[in-house]
Amino acid sequence: MEPITHGRVRVERTAKRVRVFLGGRVAADTTGALLVWEVPYYPTYYFPREDVAVELKPNGRSTHSPSRGDSVLYDVAGVADAALAYPDSPIEELRDHVRFEWAAADAWFEEDEEVYVHARDPYTRVDVLPSSRHVRVEVDGVTVADSHRPRILFETGLPPRYYLPKTDVRLDLLVPTETATRCPYKGQAEYWSVNGHADLAWSYRTPLEESQRIAGLISFYNEKVDIYVDGVPQERPKSKFS
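Predicted model only: the values in this text are computed from it and were never measured.

**Student:** For this particular structure, what's the right way to read the pattern of salt bridges?
**Tutor:** One side chain can pair with another of opposite charge once the charged atoms of both are near each other. Enumeration over the complete set of coordinates arrives at 20 salt bridges. A salt bridge links Glu110 to Arg120; the shortest N-O distance between them is 3.9 Å. Within this pair, whereas Glu110 is found in strand S13 (residues 107-110), its partner Arg120 is found in the loop between strand S14 (113-115) and strand S15 (126-130), the two being separated by ten residues in sequence. The buried category is assigned to Glu110, whose relative accessible area is 6%.

If you want it as structure tokens, here you go:
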């Protein structure tokens, strides 16, 4: 199936086996999932109805999308609104497919690897490159990191992130917080506050395989600190993290 665009909605088939677990059992298992970009930032999975292994109970509720039409909401395994379908969608490819709510599920898998937060975008690339560039990080005029051995992470749609060895970071200025986030490409991150600024730095102790090179290194939000690369101040980028 060639990618199809309907207004702002993009639809294409993935060759990956995709599974979703809900209520302690497999809710759907397919090698014919659709990737649907309902929003521009990332796709979601739609399962062929014949590959859904749980009972979908219509609950009488519905939502309306200008692009996808009127939905039918389903309760699944006692979870309200856990799935939906667009049986009369103007987008023909969606009519015989079911979408499960990400947060309602116990776990999601592409092949045998668990996926977190949202479906992976096949057009997002993550490259981690070792570098000898001189990276210095300032917070409120105080140098909190100074390194000649950064690893630079390039991720589609985001500014470069400079990951630095802990021995090159003023750990005495970092205060651990309880914040934890997940990324479908990198894994789970832990955070630190710096000089009273909450969650300014983060690290992945055990990143996913494609991002192993940043394991245990610390990065800072380019949007919120002053970063100098080879002595040149870097402009603070504008992003969703600004």
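**Student:** What am I meant to see in the pairing of strand S21 (residues 187-194) here?
**Tutor:** The side chains of a regular strand alternate between both faces of the sheet. Within S21, six of the eight residues are buried, which leaves the element mostly enclosed by the surrounding structure. In sequence, strand S20 (residues 174-183) turns back onto S21 through a hairpin of three residues. Bridge count for S21 against strand S22 (residues 197-203) is four bridges, and the pairing is antiparallel. Its bridge partner being in S22, Trp192 is matched across the sheet by Ala201. In this structure, the hairpin formed by S21 and S22 is closed by a connection of two residues, where Asn195 is found at a positive phi of approximately 50 degrees.

**Student:** Is there a simple way to think about unusual backbone geometry in this case?
**Tutor:** For residues that are not glycine, phi is negative in most cases, and the peptide bond is trans in most cases. Its identity is not glycine, yet Asp140 carries a phi of approximately 55 degrees, on the positive side. Considering the arrangement of structural elements, one finds Asp140 in the loop between strand S16 (135-139) and strand S17 (142-147). Unusually for a residue other than glycine, Asp230 sits at a positive phi of about 55 degrees. Examined against the element boundaries, Asp230 turns out to sit in the loop between strand S24 (226-229) and strand S25 (232-233).

**Student:** When you look at the sheet that holds strand S19 (residues 161-163) in this model, what are you seeing that I'm missing?
**Tutor:** The strands making up a sheet associate through backbone hydrogen bonding, with each pair oriented either parallel or antiparallel. In space, the three strands of this open sheet follow the order S15-S18-S19, with antiparallel pairing throughout. Of all the strands in the sheet, the pair left with one neighbour each is S15 and S19. Here the strands of the sheet are splayed against their neighbours by 25 degrees on average, with no regard to which way each runs. Two strands pair when backbone bridges link them, and strand S18 (residues 151-155) and S19 are joined in this way by three bridges, in the antiparallel orientation. The residue bridging Leu153 from the neighbouring strand is Arg161, located in S19.

**Student:** Looking at this structure, I do not really get the environment of Gly32. What am I missing?
**Tutor:** Note on placement: Gly32 falls in the loop between strand S4 (25-30) and strand S5 (34-37). Each C-alpha atom, one on Gly32 and one on Val98, is 12 Å from the other, the two residues being 66 residues apart in sequence. Gly32 has contacts with Arg13, Pro48 and His97, leaving out every residue within four places of it along the chain.

**Student:** Whenever I open this one, the packing of aromatic side chains confuses me. Can you help?
**Tutor:** Between two aromatic rings, the relevant description is the distance of the centres plus the angle of the planes. Throughout the structure, instances matching the rule amount to ten aromatic pairs. Considering the side-chain rings of Tyr163 and Trp202, the 6.2 Å spacing of their centres and the 85 degrees angle between planes classify their relative orientation as edge-to-face. With Tyr163 in strand S19 and Trp202 in strand S22, this pair connects stretches of sequence that are 39 residues apart. Owing to a relative accessible area of 4%, Trp202 belongs among the buried residues under this scheme. Cluster of aromatic residues (ring-pair linked, three or more members): Tyr45, Phe47, Phe100, Trp102 and Trp108. If you follow Arg19 out to its NZ or CZ, it ends over the ring of Phe109, 5.4 Å from the centre. It is Lys224 that lies over the ring of Tyr221; its NZ or CZ is 4.9 Å from the centre.

Thresholds applied
- Sequence order as written defines residue numbering, which begins from 1 separately in each chain.
- For this predicted model, a pLDDT threshold of at least 70 governs which residues receive local features, and a threshold of 80 or more governs which side-chain atom pairs are given and counted, while totals over whole chains, interfaces and linings are taken from all residues.
- Neither water nor hydrogens contribute to the side-chain values; these are computed over all heavy atoms in the structure.
- Each salt bridge in this description consists of a side-chain nitrogen of Lys or Arg and a carboxyl oxygen of Asp or Glu lying within 4 Å of one another.
- A helix here means a DSSP run of H or I that spans at least four residues, while a strand means a run of E at least two residues long, and both kinds are numbered starting from the N terminus.
- The classification of residues rests on relative accessible area computed with a 1.4 Å probe and restricted to protein chains. Under 20% of the type maximum is buried, over 50% is exposed, and intermediate values are partly exposed.
- Two strands qualify as a pair provided that DSSP identifies no fewer than 2 bridges between them.
- For helices, the axis comes from a line fit to the C-alpha atoms of the stretch in contact; other axes are also lines fit to C-alpha atoms, and the angle between any two N-to-C directions lies between 0 and 180 degrees.
- Between two residues, a contact is recorded if the distance between any of their heavy atoms is within 4.5 Å.
- Here a pair means two rings of Phe, Tyr or Trp (six-membered ring of Trp) with centres within 6.5 Å. Their orientation is stacked below 30 degrees between planes, edge-to-face above 60, and tilted elsewhere.
- Whether a charge sits over a ring comes down to the Lys NZ or Arg CZ being within 6 Å of the ring centre and within 35 degrees of the ring normal.

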